[in-house]
Amino acid sequence: MTPLVLVGIGADGWAGLSEDARAAVLAAETIVGSARQLALLPATDATQRPWPSPIDPLVEELIAESDAGGGAVCVLASGDPMLHGIGATLARRLPAYRLVVHPHPSAFALACARLGWPAADVELVSAVARPPEVVARLLQPRRRLVVYASGPAGAAALAGVLREQGFGPSRFVVLEQLGGSDERIVESTAAEWATTEADPLHCVAIECRADADTELRPLVAGLPDAVYENDGQLTKRHVRAITLAALAPTPDALLWDVGAGSGSVAIEWLRAEPSAQAIAIERQADRAERARVNARTLGVPQLEVVLGSAPEALCELAGPDAIFIGGGLTSAGVIQRCWYSLRPGGRIVANAVTLEGERILAFARERCGGELVRIEIAHAEPLGSFEAWRSQLPVVQWSARKEPT
């Protein structure tokens, strides 16, 4: 086996590389990188291979050649290879001893340095090859972000999202060619940036400031019902918060949201834990599309939406760490299929508002254990010239943990 060598390179090119990084490049038989990165190198005897689109076939080839003990390969990455991009991709596929990494200061580090922002207090978001709405999850007043963007229209797309989300007054700093001879920093607001193009190599620093009437969307569970496009098939705010607490989002955990409706539970699962994954299963096409729209609007476009009915639609899905059953509870075999598919140590939560659903949950507890909770919510509403409590339908919630094997 031959280790893969990762070399981080910035806008300062060859001059910015350490002696060890230069030696690694000069010793390589094959150098892989973007056309822009390859153009920054001096002439060598190595074969240069630009990344194709998509990059997956070449990634597989590089790993196979490394497994077979092929010639020395150097992979170029922008800035710090282990922060985002190809370095992180390879690190998920190969053990640490199979990678030799020569980092360079990242654009994130350089942006924080230029602005005098303590890096530990700043959130990094990558919108490279991802919808710009990915930034929406973190739009809260006073939060500081550095967002990686790509292409001349990257900054404008981000500014558009901020305006749509009610954060037009945000400080909006576009940092181009950081560390290079053509470095340029332009300060504006999201409202003022409009459609202005930036250098293709840029990132954006954002200091979030909201319009006076912008409703807060914190990362804790229980967003207002009104932020979701829905046809009434929605787990209501207070019940949703209790449901997410029972599901307990954790790093890298996969959730099935069965009978997802508007997708609110899966969306708030992803908002709570950025490394988590979620699949929303919904049998009605219009609701499935609403779930996709809601996920994008609320900053988690990675939500996977599967159109189909449970339990049939569950058979080919990856095994989950957590399951929420919000719809289709009374369909034959749904609880059984979900419990069978749940990974050992995983959590299942199901809500019911009908007597038929309650009976199914009571039986599920008898067979699988766990607990039943009855949730009753009432709101103060006008009653003539006075106010009185108006109750929602009570919700019975079953939650259980599958014993580890």
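Residues numbered from 1 in each chain as written. Predicted model: local features only at pLDDT ≥ 70, side-chain atom pairs only at ≥ 80, totals over all residues. Heavy atoms only, no water.

Asker: Any chance you could break down the overall build of the chain for me, citing the residues and the numbers?
Answerer: The helix and strand tally for the chain stands at 12 helices and 19 strands. Taking the principal axes of its C-alpha atoms as reference, the chain extends roughly 80 × 55 × 35 Å. Accessible surface for the chain amounts to roughly 19000 Å². Of this, 52% is attributable to carbon and sulfur atoms. In the chain, 36 side chains carry a positive charge and 48 a negative one; their mean positions are 5 Å apart. (Helix = DSSP H or I, 4+ residues; strand = E, 2+ residues; numbered from the N terminus. Areas by Shrake-Rupley, 256 points an atom, 1.4 Å probe, with all protein chains shown as cover. Lys, Arg positive; Asp, Glu negative; His and termini not counted. Charge placed at Lys NZ, Arg CZ, Asp CG, Glu CD.)

Asker: Requested: an account of the sheet that holds strand β7 (residues 144-150), with residues and values cited.
Answerer: Read across the sheet, five strands follow the order β6-β7-β10-β8-β9 without closing on themselves; strand pairing throughout is mixed. Both outer strands of the open sheet, β6 (122-126) and β9 (184-189), are each paired with one neighbouring strand and no more. Going across the sheet, the axis of each strand differs from the next one's by a mean of 20°, ignoring polarity. Its contacts with the sheet put helix α5 (residues 107-115) on β6, β7, β8 (171-176), β9 and β10 (201-207), and the angle it makes with β7 is roughly 130°. (Pairing = 2+ DSSP bridges. Axes fitted to C-alpha atoms, helices over the stretch in contact; angles between N-to-C directions. Contact = heavy atoms within 4.5 Å.)

Asker: Outline the sheet that holds strand β3 (residues 47-50), listing residues and values.
Answerer: Read across the sheet, five strands follow the order β3-β2-β4-β1-β5 without closing on themselves; strand pairing throughout is parallel. Looking at strand neighbours, the two that pair on one side only are β3 and β5 (99-102), the edges of this open sheet. Across the sheet, the mean angle separating the axes of adjacent strands is 20° when strand polarity is ignored. As defined by bridge partners, strand β2 (residues 30-33) adjoins β3 across four bridges and the pair is classed as parallel. Paired with glycine 33 across the two strands is proline 50, which belongs to β3. Sheet contacts for helix α1 (residues 19-27): β1 (4-9), β2, β4 (73-78) and β5; angle to β1, the most-contacted strand, approximately 125°.

Asker: Describe the environment of alanine 91, and please don't skip the residues or the numbers.
Answerer: Tracing the sequence through the fold places alanine 91 in helix α4 (residues 86-91). Residue class for alanine 91 comes out partly exposed when judged on its relative accessible area of 29%. C-alpha of alanine 91 to C-alpha of proline 81: the two residues are 10 residues apart in sequence and 9.6 Å apart in space. Residues in contact with alanine 91, not counting those within four places in the same chain, are Met82 and Leu99. (Buried < 20%, exposed > 50% of the residue type's maximum accessible area, 1.4 Å probe, protein only.)

Asker: Pulling in residues and values, what's your account of the environment of valine 5?
Answerer: In this structure, valine 5 sits in strand β1. Residue valine 5 is classed as buried on the basis of its relative accessible area, which comes to 18%. Separated by 93 residues in sequence, valine 5 and arginine 98 place their C-alpha atoms 8.6 Å apart. Sequence-distant contacts of valine 5, defined by excluding residues within four places in its chain, comprise Ala24, Val73, Cys74, Val75, Val100 and His102.

Asker: Go over the pattern of salt bridges with me, naming the residues and quoting the values.
Answerer: Pairs can form between side chains of opposite charge once their charged atoms are near each other. All told, the structure shown has 21 salt bridges when counted by the stated rule. Salt-bridge contacts for arginine 290 lead to aspartate 231; the nearest nitrogen and oxygen are separated by 3.4 Å. Here the residue arginine 290 occupies a position in helix α10 (residues 285-297), and aspartate 231 occupies one in the loop between β10 and α8 (237-247), the gap between them amounting to 59 residues. Classification of aspartate 231 as partly exposed rests on a relative accessible area of 36%. Connected via shared salt-bridge partners are Arg144, Arg171, Glu187, Glu207 and Arg209. (Salt bridge = Lys/Arg side-chain N within 4 Å of Asp/Glu carboxyl O.)

Asker: Tell me about the packing of aromatic side chains, and please be specific about residues and values.
Answerer: Scanning the entire structure with this criterion turns up two aromatic pairs. When the ring of tryptophan 339 is compared with that of tryptophan 398, the centres are 6.3 Å apart and the planes differ by 40°; the resulting orientation is tilted. Highlighted residues: tryptophan 339 in helix α11 (residues 334-341) and tryptophan 398 in strand β19 (residues 395-401), separated in sequence by 59 residues. Take tryptophan 339 and tryptophan 398: they sit in the same class, and that class is buried. (Phe/Tyr/Trp six-rings, centres within 6.5 Å; stacked < 30°, edge-to-face > 60°.)

Asker: Pulling in residues and values, what's your account of the nonpolar core?
Answerer: Membership of the largest hydrophobic core comes to 27 residues, with the highest contact counts inside it found for Tyr228, Leu247, Leu255, Ile267, Trp269, Ala278 and Leu303. Put simply, the parts of the chain that give this core at least two residues each are α8, α9 (264-272), β12 (277-282), α10 and β14 (322-325). Top element by residues in this core is α9. It accounts for five residues. Those residues in contact with leucine 247 that sit more than four places away from it in its chain are Leu255, Val265, Trp269, Ala322, Ile323, Phe324, Arg347 and Val349. Among the nonpolar cores identified, the runner-up in size contains 26 residues, and Val306, Ile323, Leu329 and Trp398 belong to it. (Core = buried A, V, L, I, M, F, W, Y, C linked by side-chain atoms within 4.5 Å.)

Asker: How would you sum up unusual backbone geometry? Please name residues and give values.
Answerer: With an omega dihedral of 0°, the bond running from serine 53 to proline 54 counts as a cis peptide bond. Its place among the elements puts proline 54 in the loop between β3 and α3 (56-67). Backbone geometry places glutamine 177, a non-glycine residue, at a positive phi of 50°. If you trace the backbone, glutamine 177 turns up in the loop between β8 and β9. Assessed through its relative accessible area of 19%, glutamine 177 is described here as buried.

Asker: Give me the lowdown on the side chain of arginine 240, citing residues and values where you can.
Answerer: Mapped onto the elements of the fold, arginine 240 is located in helix α8. Within the local environment of arginine 240, its side chain forms a polar contact with the side chain of aspartate 225, the two groups lying 2.7 Å apart. Setting aside residues up to four positions removed in sequence, arginine 240 forms contacts with Gly222, Leu223, Asp225, Tyr228, Leu234, Thr235, Ser264, Val265 and Glu268. (Polar contact = N/O pair within 3.5 Å; in protein donor to acceptor, adjacent residues only side chain to side chain.)

Asker: Summarise the pairing of strand β18 (residues 386-391); cite the residues concerned and give the values.
Answerer: Counting buried positions over the six residues of β18 gives zero, only a small fraction of the element. Of the pairings in the sheet, the one linking strand β17 (residues 378-383) to β18 comprises six bridges and is antiparallel in character. Note that in β18 the partner of proline 382 across the bridge is glutamate 387. In sequence, β17 turns back onto β18 through a hairpin of two residues, with glycine 384 there showing a positive phi of about 65°.

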